[in-house]
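Read off the chains here:
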Amino acid sequence: LAMRKLSFVFRLAALAAGLFVTGCNNNGHVTTKTGDSTDPSSLARTFLLQNKFDEAEAAFVKAIQLKPNDVANYADLSLLYILQKDYDDAEKQAKAGLKLVPGDPRLMLTLAEIEQKKGDTAAATGTLNEVTTADPKNIKAWSMLGDLGSTAVKKTMLLRIVDIQP
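Residues numbered from 1 in each chain as written. Predicted model: local features only at pLDDT ≥ 70, side-chain atom pairs only at ≥ 80, totals over all residues. Heavy atoms only, no water.

### Some details on the packing of helix 2 (residues 40-49) against helix 4 (residues 71-83)
Here is the rule: Structural elements are reduced to axes, namely lines fitted to C-alpha atoms, with helices fitted over the stretch in contact, and the angle between N-to-C directions of any two is expressed from 0 to 180 degrees. Helix numbering and strand numbering both begin at the N terminus, where a helix is a DSSP run of H or I of at least 4 residues and a strand a DSSP run of E of at least 2. Every angle not falling under 35 degrees, over 145, or within 65 to 115 is termed oblique; those three ranges are roughly parallel, roughly antiparallel and roughly perpendicular. The hand of a helix crossing depends on one turn: near helix anticlockwise from the far one by less than a right angle means left-handed, and clockwise means right-handed. Whether two residues are in contact is decided by their heavy atoms, any of which lying within 4.5 Å being enough. For this classification, the nonpolar set comprises Ala, Val, Leu, Ile, Met, Phe, Trp, Tyr, Cys and Pro, the charged set comprises Asp, Glu, Lys and Arg, and every other residue, Gly included, is treated as polar.
At a minimum axis separation of 11 Å, helix 2 and helix 4 run at an interaxial angle of 20 degrees. The angle between helix 2 and helix 4 falls in the class roughly parallel. Crossing of helix 2 over helix 4 shows left-handed handedness. Contacts between helix 2 and helix 4 pair Ser 41, Arg 45 and Leu 48 from the former with Ala 72, Asn 73, Asp 76, Leu 80 and Leu 83 from the latter. Looking at the contact of helix 2 with helix 4 residue by residue, the classes come out as four nonpolar, two polar and two charged.

This is the structure in C-alpha coordinates:
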(Lines give C-alpha, C1' and ligand atoms only; values in the text may rest on other atoms or scores of the structure.)
Protein backbone atom coordinates (compact mmCIF):
# COMPACT_ATOMS: atom_id res chain seq x y z
CA LEU A 1 0.00 0.00 0.00
CA ALA A 2 2.82 2.39 0.87
CA MET A 3 4.50 1.60 -2.48
CA ARG A 4 1.26 2.37 -4.35
CA LYS A 5 0.93 5.72 -2.57
CA LEU A 6 4.58 6.47 -3.24
CA SER A 7 4.11 5.46 -6.87
CA PHE A 8 1.16 7.82 -7.20
CA VAL A 9 3.16 10.64 -5.60
CA PHE A 10 5.95 10.06 -8.12
CA ARG A 11 3.40 10.18 -10.98
CA LEU A 12 2.10 13.52 -9.70
CA ALA A 13 5.66 14.79 -9.38
CA ALA A 14 6.29 13.70 -12.97
CA LEU A 15 3.19 15.59 -14.03
CA ALA A 16 4.53 18.68 -12.27
CA ALA A 17 7.96 18.26 -13.85
CA GLY A 18 6.39 17.88 -17.25
CA LEU A 19 4.28 21.00 -16.83
CA PHE A 20 5.50 22.55 -20.06
CA VAL A 21 7.46 19.70 -21.54
CA THR A 22 5.92 17.16 -23.87
CA GLY A 23 6.61 16.21 -27.45
CA CYS A 24 5.15 14.55 -30.50
CA ASN A 25 4.58 10.79 -30.56
CA ASN A 26 5.28 8.43 -33.45
CA ASN A 27 1.70 8.45 -34.71
CA GLY A 28 1.74 12.18 -35.36
CA HIS A 29 -0.56 12.96 -32.48
CA VAL A 30 0.46 16.26 -31.01
CA THR A 31 1.27 16.93 -27.42
CA THR A 32 1.67 20.48 -26.20
CA LYS A 33 5.02 22.15 -25.71
CA THR A 34 4.32 25.62 -24.52
CA GLY A 35 4.97 28.06 -21.77
CA ASP A 36 2.02 30.19 -22.87
CA SER A 37 -0.07 30.84 -19.77
CA THR A 38 -3.20 31.21 -21.93
CA ASP A 39 -2.86 27.70 -23.35
CA PRO A 40 -5.65 25.60 -21.76
CA SER A 41 -3.29 22.65 -21.20
CA SER A 42 -0.79 24.81 -19.33
CA LEU A 43 -3.54 26.51 -17.36
CA ALA A 44 -5.05 23.14 -16.43
CA ARG A 45 -1.72 21.82 -15.17
CA THR A 46 -1.13 25.02 -13.20
CA PHE A 47 -4.60 24.75 -11.64
CA LEU A 48 -3.94 21.09 -10.85
CA LEU A 49 -0.71 21.94 -9.04
CA GLN A 50 -2.63 24.59 -7.06
CA ASN A 51 -5.30 22.03 -6.10
CA LYS A 52 -7.92 24.02 -8.03
CA PHE A 53 -9.59 20.89 -9.36
CA ASP A 54 -12.74 22.46 -10.83
CA GLU A 55 -10.71 25.00 -12.78
CA ALA A 56 -8.26 22.31 -13.89
CA GLU A 57 -11.09 20.09 -15.12
CA ALA A 58 -12.67 22.93 -17.11
CA ALA A 59 -9.31 23.83 -18.66
CA PHE A 60 -8.52 20.20 -19.58
CA VAL A 61 -11.97 19.84 -21.19
CA LYS A 62 -11.34 23.03 -23.18
CA ALA A 63 -7.87 21.81 -24.16
CA ILE A 64 -9.35 18.54 -25.43
CA GLN A 65 -11.94 20.47 -27.44
CA LEU A 66 -9.24 22.66 -29.00
CA LYS A 67 -6.72 19.85 -29.55
CA PRO A 68 -8.62 16.55 -29.62
CA ASN A 69 -5.52 14.61 -30.75
CA ASP A 70 -3.37 15.72 -27.80
CA VAL A 71 -3.33 12.51 -25.76
CA ALA A 72 -1.46 14.15 -22.87
CA ASN A 73 -4.64 16.04 -22.00
CA TYR A 74 -6.62 12.80 -21.73
CA ALA A 75 -3.95 11.27 -19.48
CA ASP A 76 -3.74 14.34 -17.27
CA LEU A 77 -7.53 14.67 -17.00
CA SER A 78 -7.63 11.00 -16.00
CA LEU A 79 -5.10 11.71 -13.25
CA LEU A 80 -7.24 14.60 -12.04
CA TYR A 81 -10.25 12.30 -11.80
CA ILE A 82 -8.14 9.70 -9.97
CA LEU A 83 -7.19 12.37 -7.42
CA GLN A 84 -10.91 13.02 -6.94
CA LYS A 85 -11.60 9.26 -6.70
CA ASP A 86 -13.88 9.56 -9.74
CA TYR A 87 -12.64 6.34 -11.31
CA ASP A 88 -15.44 6.02 -13.88
CA ASP A 89 -14.67 9.40 -15.47
CA ALA A 90 -10.95 8.69 -15.20
CA GLU A 91 -11.47 5.44 -17.11
CA LYS A 92 -13.57 7.19 -19.79
CA GLN A 93 -10.80 9.72 -20.43
CA ALA A 94 -8.05 7.10 -20.53
CA LYS A 95 -10.05 4.99 -22.98
CA ALA A 96 -10.84 8.05 -25.13
CA GLY A 97 -7.11 8.74 -25.39
CA LEU A 98 -6.42 5.08 -26.17
CA LYS A 99 -8.84 5.26 -29.09
CA LEU A 100 -6.56 7.92 -30.58
CA VAL A 101 -3.31 6.13 -29.79
CA PRO A 102 -3.94 2.46 -29.02
CA GLY A 103 -1.36 1.05 -26.64
CA ASP A 104 -0.01 4.44 -25.52
CA PRO A 105 2.10 3.45 -22.48
CA ARG A 106 1.18 6.47 -20.35
CA LEU A 107 -2.53 5.92 -20.91
CA MET A 108 -2.20 2.16 -20.42
CA LEU A 109 -0.43 2.67 -17.07
CA THR A 110 -3.13 5.15 -16.07
CA LEU A 111 -5.84 2.68 -17.08
CA ALA A 112 -4.16 -0.08 -15.06
CA GLU A 113 -4.04 2.21 -12.02
CA ILE A 114 -7.76 2.97 -12.42
CA GLU A 115 -8.60 -0.73 -12.75
CA GLN A 116 -6.58 -1.46 -9.62
CA LYS A 117 -8.31 1.30 -7.68
CA LYS A 118 -11.70 -0.03 -8.80
CA GLY A 119 -10.69 -3.39 -7.34
CA ASP A 120 -10.32 -5.21 -10.67
CA THR A 121 -6.88 -6.72 -10.14
CA ALA A 122 -7.32 -9.13 -13.05
CA ALA A 123 -8.02 -6.30 -15.51
CA ALA A 124 -5.11 -4.24 -14.12
CA THR A 125 -2.80 -7.23 -14.48
CA GLY A 126 -3.99 -7.79 -18.05
CA THR A 127 -3.43 -4.15 -18.97
CA LEU A 128 0.05 -4.16 -17.44
CA ASN A 129 0.88 -7.41 -19.25
CA GLU A 130 -0.04 -5.65 -22.52
CA VAL A 131 2.39 -2.85 -21.65
CA THR A 132 5.23 -5.24 -20.79
CA THR A 133 4.59 -7.29 -23.93
CA ALA A 134 4.83 -4.16 -26.09
CA ASP A 135 7.80 -2.81 -24.11
CA PRO A 136 9.62 -5.45 -22.06
CA LYS A 137 11.80 -2.72 -20.51
CA ASN A 138 8.91 -0.66 -19.09
CA ILE A 139 10.06 -0.58 -15.48
CA LYS A 140 6.95 1.25 -14.25
CA ALA A 141 4.69 -1.53 -15.60
CA TRP A 142 6.84 -4.25 -14.01
CA SER A 143 6.80 -2.36 -10.72
CA MET A 144 3.02 -1.99 -10.82
CA LEU A 145 2.68 -5.70 -11.63
CA GLY A 146 4.83 -6.46 -8.60
CA ASP A 147 2.59 -4.28 -6.42
CA LEU A 148 -0.44 -6.31 -7.50
CA GLY A 149 1.07 -9.68 -6.64
CA SER A 150 2.10 -11.79 -3.70
CA THR A 151 5.50 -11.55 -2.03
CA ALA A 152 6.87 -14.17 -4.45
CA VAL A 153 5.54 -12.20 -7.43
CA LYS A 154 7.03 -8.98 -6.04
CA LYS A 155 10.42 -10.67 -5.70
CA THR A 156 10.20 -11.93 -9.29
CA MET A 157 9.23 -8.50 -10.58
CA LEU A 158 12.06 -6.80 -8.65
CA LEU A 159 14.56 -9.25 -10.10
CA ARG A 160 13.12 -8.55 -13.55
CA ILE A 161 13.52 -4.78 -13.01
CA VAL A 162 17.11 -5.22 -11.84
CA ASP A 163 17.72 -7.30 -14.97
CA ILE A 164 16.35 -4.46 -17.15
CA GLN A 165 18.46 -1.69 -15.61
CA PRO A 166 21.53 -0.76 -17.72
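### Some points on helix 7 (residues 121-134)
Keep this limit in mind: Multiplying one less than the number of residues by 1.5 Å gives the expected span of a helix. Residue burial is assigned from relative accessible area. The probe radius is 1.4 Å, only protein chains are included, and a residue is buried under 20% of its type maximum, exposed over 50%, and partly exposed in between. Note: the arc covers the axis-to-C-beta directions of the helix.
In a regular helix each residue adds 1.5 Å, so 14 residues correspond to 20 Å; helix 7 covers 20 Å between its end C-alpha atoms and thus fits that length. Within the span of helix 7, buried status applies to Ala 124, Thr 127, Leu 128, Val 131 and Thr 132. Along the long axis of helix 7, the arc covered by the buried residues comes to 140 degrees, so they all point the same way. Projecting away from the buried face of helix 7 at angles above 90 degrees are the exposed residues Ala 122, Glu 130, Thr 133 and Ala 134.

### Focus: the pattern of salt bridges
Cut-off, in case you're wondering: Any Lys or Arg side-chain nitrogen found within 4 Å of a carboxyl oxygen on Asp or Glu counts as a salt bridge.
One pass over the full model with this rule turns up seven salt bridges. Here Glu 91 and Lys 95 are joined by a salt bridge, their closest N and O atoms 3.2 Å apart. On the criterion of helical spacing, the pair formed by Glu 91 and Lys 95 is a turn pair, its members being four residues apart in helix 5 (residues 87-100). Taking the relative accessible area as the measure of exposure, Lys 95 reaches 42% and is therefore partly exposed.

### Quick look at the confidence of the model for the chain
Inclusion rule: The pLDDT value expresses, per residue, how confident the predictor is, ranging between 0 and 100.
For the chain, the mean per-residue pLDDT works out to 80, and 75% of the residues sit at or above 70. Predicted confidence in the chain is weakest over helix 1 (residues 2-17), with a mean pLDDT of 50, and strongest over helix 5, with 97. Taken as a whole, residues 16-35 scores under 50 in pLDDT and shows 35 contacts with residues more than four places along the chain or in a different chain.

### So, the side chain of Gln 93
Along the chain, Gln 93 falls in helix 5. Relative accessible area serves as the criterion here: at 19%, Gln 93 is assigned to the buried category. Not counting the four nearest positions on each side in its chain, Gln 93 is found in contact with Ile 64, Tyr 74, Leu 77, Ser 78 and Tyr 81.

### As for helix 3 (residues 53-66)
Here helix 3 spans 20 Å end to end across 14 residues, near enough to the 20 Å set by a 1.5 Å rise per residue. Buried residues of helix 3: Ala 56, Ala 59, Phe 60, Ala 63 and Ile 64, and no others. Each buried residue of helix 3 sits inside an arc of 140 degrees when the element is viewed along its axis, so together they form one side. Of the exposed residues in helix 3, the ones pointing more than 90 degrees away from its buried face are Asp 54, Gln 65 and Leu 66.

### Section: the packing of helix 6 (residues 105-117) against helix 7
Contact pair helix 6 / helix 7: the axes reach a minimum separation of 8 Å and the direction vectors enclose 165 degrees. Between helix 6 and helix 7, the angle falls in the class roughly antiparallel. Classified by chirality, the crossing of helix 7 by helix 6 is left-handed. In this structure, helix 6 contributes Met 108, Leu 109, Leu 111, Ala 112, Glu 115 and Gln 116 to the contact, and helix 7 contributes Ala 123, Ala 124, Thr 127, Leu 128, Glu 130 and Val 131. When its residues are assigned to classes, the contact of helix 6 with helix 7 shows eight nonpolar, two polar and two charged.

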